[in-house]
Amino acid sequence: MKLDHKRTVLVGLAFFSICAFWQMYDNIIPLILTHTFQLDETVCGAIMAADNVLALFLLPFFGALSDRTSTRIGRRRPFILGGTACAVVLMNLLPLFDNGYAATGEKGKLVLFVVALGLLLVAMGTYRSPAVALMPDVTPKPLRSRANAIINLMGAVGGITYLLTAALLYPNSKTAGVQHVNYQPLFVAVSLLMAAAV
């Protein structure tokens, strides 16, 4: 019995995209909430905690739902493809509302930002459990610990790829003292990374 490394790496690309997204989310969203929208730390913290609250309900639900799903492309892929597609669209709306608010100060842009952010968290929640469950689906039980190590490595590579991308697009010399930072290129880069990975 031998681990299929190529297939395991391909399965790990879903986790790669998930980790790249969450690294960006945890780094950039608090900056937008506090710098652009001028929200205090309590409100910002509540918004940032929403993903953990949603995860309590979404991850078990969509994991169980994918267990019972049967399609031509498998049990997990519809959730991975659909969730990623929705996430890619929704995440690119966020910098539009951010930039719009910075330019006009319209409160409606904050509402739209929060709504889009909530929908984005739901989209990410739809495919996280199915993506993680895909590895055991295609890996014999005695080889799963080795496969899991590869999956985790792919996640780490996703996080590192984001950090390198952010460092290239936004060096300190470019952002220091700037009143408003346009994060649209970073969101586009990460969404393209996610789409390519899937």
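Treat the numbers as computed from the prediction; the structure is a model and nothing was measured.

## Looking at the environment of leucine 3
If you trace the backbone, leucine 3 turns up in the segment before helix H1 (5–36). What makes leucine 3 buried here is its relative accessible area of 5%. Residues leucine 3 and alanine 20, spaced 17 residues apart in sequence, show a C-alpha to C-alpha distance of 26 Å. When sequence neighbours within four positions are dropped, the list of residues in contact with leucine 3 reads Thr8, Thr139, Leu143, Arg146, Ala147 and Ile150.

## Brief notes about unusual backbone geometry
The phi dihedral of glutamine 38 falls on the positive side, at around 55 degrees, and the residue is not glycine. For glutamine 38, the location among the structural elements is in the loop between H1 and helix H2 (41–67). By relative accessible area, glutamine 38 is classed as exposed at 60%.

## Section: helix H3 (residues 77–91)
Taking 1.5 Å per residue, 15 residues should reach 21 Å; H3 reaches 21 Å between its end C-alpha atoms and fits that length. Every buried residue of H3 is accounted for by Phe79, Ile80, Gly83, Thr84, Ala87, Val88, Leu90 and Met91. Down the axis of H3, the smallest arc covering the buried residues is 170 degrees, so these residues share one side.

## Things to note about the environment of proline 142
The topology assignment puts proline 142 in the loop between helix H5 (107–138) and helix H6 (144–169). C-alpha of proline 142 to C-alpha of methionine 1: the two residues are 141 residues apart in sequence and 8.7 Å apart in space.

## Observations regarding the packing of H1 against helix H4 (residues 94–104)
Geometrically, a packed helix pair is captured by the angle between its two axes and the distance between the axes. Orientation of H1 relative to H4, taken along the N-to-C sense of each, is 15 degrees, at an axis distance of 11 Å. By the angle class used here, H1 and H4 are roughly parallel. When you trace H1 past H4, the crossing you get is left-handed. For the pair H1 and H4, the contacting residues are Ile29, Ile32 and Thr36 in the first and Leu94, Asp98, Tyr101 and Ala102 in the second. Looking at side-chain class alone, the contact of H1 with H4 contains 5 nonpolar, 1 polar and 1 charged residues.

Procedures and definitions
Residues numbered from 1 in each chain as written. Predicted model: local features only at pLDDT ≥ 70, side-chain atom pairs only at ≥ 80, totals over all residues. Heavy atoms only, no water. Helix = DSSP H or I, 4+ residues; strand = E, 2+ residues; numbered from the N terminus. Buried < 20%, exposed > 50% of the residue type's maximum accessible area, 1.4 Å probe, protein only. Contact = heavy atoms within 4.5 Å. Expected span 1.5 Å × (residues − 1). Arc of directions from axis to C-beta. Axes fitted to C-alpha atoms, helices over the stretch in contact; angles between N-to-C directions. Parallel < 35°, antiparallel > 145°, perpendicular 65-115°, else oblique. Left-handed = near helix turned anticlockwise from the far one by under 90°. Nonpolar A, V, L, I, M, F, W, Y, C, P; charged D, E, K, R; others polar.

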